[in-house]
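Listed below are the residues making up each chain.
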Amino acid sequence: MSAMRIELESSTGRPGPIRRLELRGSISWLAAEPAYLLGARGHAQIGDDVVSDDVRLHSQTWGHDSGARLQRDVRQSVTVVVSMPAGALAFIEEWRDGRQDVPLRLEIEYQAQKIANPNTVTWSTCQSYLAIPQSEWIKRLREMKWDELELIELPRLPLMHDEKLAQALARIDEARRALRAGDHSGTISKCRAAFESAAKYEVEGDGVKQGFDLLLERAFGDHQARRRAVEAVIAGLRTHANELGRHEQYPAVHVSRAEAEFAFASTVSVFSLISRCLAQRAAKGR
C-alpha cells in the first residue's frame, strides 16, 4: 500500500507549444513516520491506454529545502501537470466522441526520504483519479486552444473578415461547437447554413444561385476557370449537406463523426480560400 495519497478536485487547461492540464488537489501522507518528498513523475491513462507519459508535480507547499515535508494528518495543496500533446487530445476526442466524460487515471512514482533516517530513501507508486465532466472538458479544450482542425490533422486555416461573410463565419463557429459536442447532424446543418448565408448576404435577398455568382465574381474576378472550380466544390458540399443534414427523413440517416469532420473541414477550407481572395483583392483596390 502506498504511503502517499493524492486527491484531485479540479482542472485547468493551459495553451502553448506543449498543451497541458493542471489538476489541483491535495497530498496526504499515510505513514506514521514523516518524510521528505524528493520527486515524483508518472503517466496518465484512460482505461488501458496511456494518453500522457509526462505527469509531474508542479507546485506544492514546500516545508524544507530538501523537498516537501510530509506527515500524517497534514494535507498539502498540490498541482499535478499532465502534458497533452496533439496526438493525446486527438485520441481523447475520438474516444469520447462528444458524449462522455474524461476519466483520467494517474499513476505516479515518487521518491521519499525518511526524516528520522536520512539514509533511507524509498521509491513507491500511488494512483489518483479524476473524472472531468463533458461540460468542463470542453472548457479545458478552449483553454488549451485546441481546435477541431487539428483533430483531423489539417492546419488551422485563416478566415479573413469580410462584412458580407460575417454571418456565414458565425455559422461555421456554430458548426465547430456542434462537432465538439458530438452533434454530427448539427455540424453538417450549420455548414449548409454557412453557404446559404454567404449567398443571401451577397445578393441581399433569397437568390442563392445569383448570390454565389456575385460572391465568386467578387473573389476571383474574371478568372472563369477558378470560379467554375470553386463553384463545383460548393455545389458538391451543398449536395452532401442536403442529403445528410436534413432533420426529418425516412429512413433516418446516421451521420458519422468522419462525415461531420469532412463537412466541417471542407467548409472551412472553401471559406478560407474565398475570404483570403476577397482580402487580397480589397488590398489591391480591385
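Residues numbered from 1 in each chain as written. Predicted model: local features only at pLDDT ≥ 70, side-chain atom pairs only at ≥ 80, totals over all residues. Heavy atoms only, no water.

**Description of the nonpolar core**
Then comes step 1: In this structure, I6, V80 and L106 are the most contacted members of the largest nonpolar core, which totals 38 residues.
Then comes step 2: Sorting elements by how many residues they give to this core places strand β7 (residues 102-114) first, with 6 residues.
Then comes step 3: Among the nonpolar cores identified, the runner-up in size contains 33 residues, and L165, F195, A241 and A263 belong to it. (Core = buried A, V, L, I, M, F, W, Y, C linked by side-chain atoms within 4.5 Å. Buried < 20%, exposed > 50% of the residue type's maximum accessible area, 1.4 Å probe, protein only. Helix = DSSP H or I, 4+ residues; strand = E, 2+ residues; numbered from the N terminus.)

**A word on unusual backbone geometry**
Then comes step 1: Backbone geometry at D73 places phi at a positive 70°, although glycine is not the residue there.
Then comes step 2: Residue position: D73 is located in the loop between β5 (68-70) and β6 (76-83).
Then comes step 3: Phi at K145 is positive, roughly 60°, even though this residue is not glycine.
Then comes step 4: Its place among the elements puts K145 in the loop between α2 (134-143) and α3 (148-151).

**Focus on the packing of aromatic side chains**
Any two aromatic rings considered together are summarised by their centre-to-centre distance and by the angle between their planes.
Then comes step 1: Summed over the entire model, instances satisfying the criterion amount to 2 aromatic pairs.
Then comes step 2: Where W29 meets Y110, the ring centres are 6.4 Å apart and the plane angle is 75°; that geometry is what we call edge-to-face. You can see W29 sitting in strand β2 (residues 20-29) and its partner Y110 sitting in strand β7, a full 81 residues away along the chain.
Then comes step 3: Overall, Y110 belongs to the buried group, its relative accessible area being 2%. (Phe/Tyr/Trp six-rings, centres within 6.5 Å; stacked < 30°, edge-to-face > 60°.)

**Concerning empty space enclosed by the protein**
Then comes step 1: Under the definition given, this model contains 1 cavity of 30 Å³ or more.
Then comes step 2: Considering the residues around the largest cavity, the lining is formed by I188, C191, R192, F195, L237, H240, A241, A263 and T267.
Then comes step 3: Those elements that place two or more of their residues in the lining of the largest cavity are α5 (184-203), α7 (224-244) and α8 (257-283).
Then comes step 4: A breakdown of the residues in the lining of the largest cavity according to their chemical character gives 6 nonpolar, 2 polar and 1 charged. (1 Å grid on protein atoms, 1.4 Å probe; cavity = no way out; pocket = protein on both sides within 12 Å on 5 of 7 lines; lining within 4 Å. Points joined across faces, edges and corners; volume = space filled by probe spheres on them. Nonpolar A, V, L, I, M, F, W, Y, C, P; charged D, E, K, R; others polar.)

**Section: the pattern of salt bridges**
Then comes step 1: Under the criterion given, the structure shown has 22 salt bridges.
Then comes step 2: Two residues, E22 and R14, come together in a salt bridge whose shortest N-O distance is 3.3 Å.
Then comes step 3: Here E22 falls in the buried class, since its relative accessible area comes to 10%.
Then comes step 4: Of the charged contacts, one joins E231 and K209 as a salt bridge, the two residues approaching to 3.8 Å between their closest N and O atoms. Taken together, the positions of E231 in helix α7 and K209 in helix α6 (residues 208-220) put the pair 22 residues apart, joining distant regions of the chain.
Then comes step 5: The class of E231 is partly exposed, set by a relative accessible area of 29%.
Then comes step 6: Connected via shared salt-bridge partners are R5, E7, E9 and R75. (Salt bridge = Lys/Arg side-chain N within 4 Å of Asp/Glu carboxyl O.)

**Thoughts on the environment of E243**
Then comes step 1: If you trace the backbone, E243 turns up in helix α7.
Then comes step 2: Relative accessible area serves as the criterion here: at 45%, E243 is assigned to the partly exposed category.
Then comes step 3: Residues E243 and V253, 10 residues apart in the sequence, show an inter-C-alpha distance of 8.8 Å.

**Looking at the pairing of β2**
Then comes step 1: Taken across its 10 residues, β2 has 8 buried, putting it largely inside the fold.
Then comes step 2: In textbook terms, the turn of a hairpin is the stretch between consecutive antiparallel strands, and for strand β1 (residues 4-14) and β2 this stretch comprises 5 residues, one of which, G16, has a positive phi near 135°.
Then comes step 3: As paired elements, β2 and β6 share 8 bridges and run antiparallel to each other. Pairing of R24 across the sheet is with T79, part of β6. (Pairing = 2+ DSSP bridges.)

**Observations concerning the confidence of the model for the chain**
Then comes step 1: On average, residues of the chain score 85 in pLDDT, and 89% of them reach the 70 mark or higher.
Then comes step 2: Ranking the elements of the chain by mean pLDDT puts α3 last, at 51, and β1 first, at 94.
Then comes step 3: Here residues 151-155 is a poorly scored stretch, pLDDT under 50, and it has 10 contacts once near neighbours within four places are set aside; other chains count. (pLDDT = per-residue confidence, 0-100. Contact = heavy atoms within 4.5 Å.)

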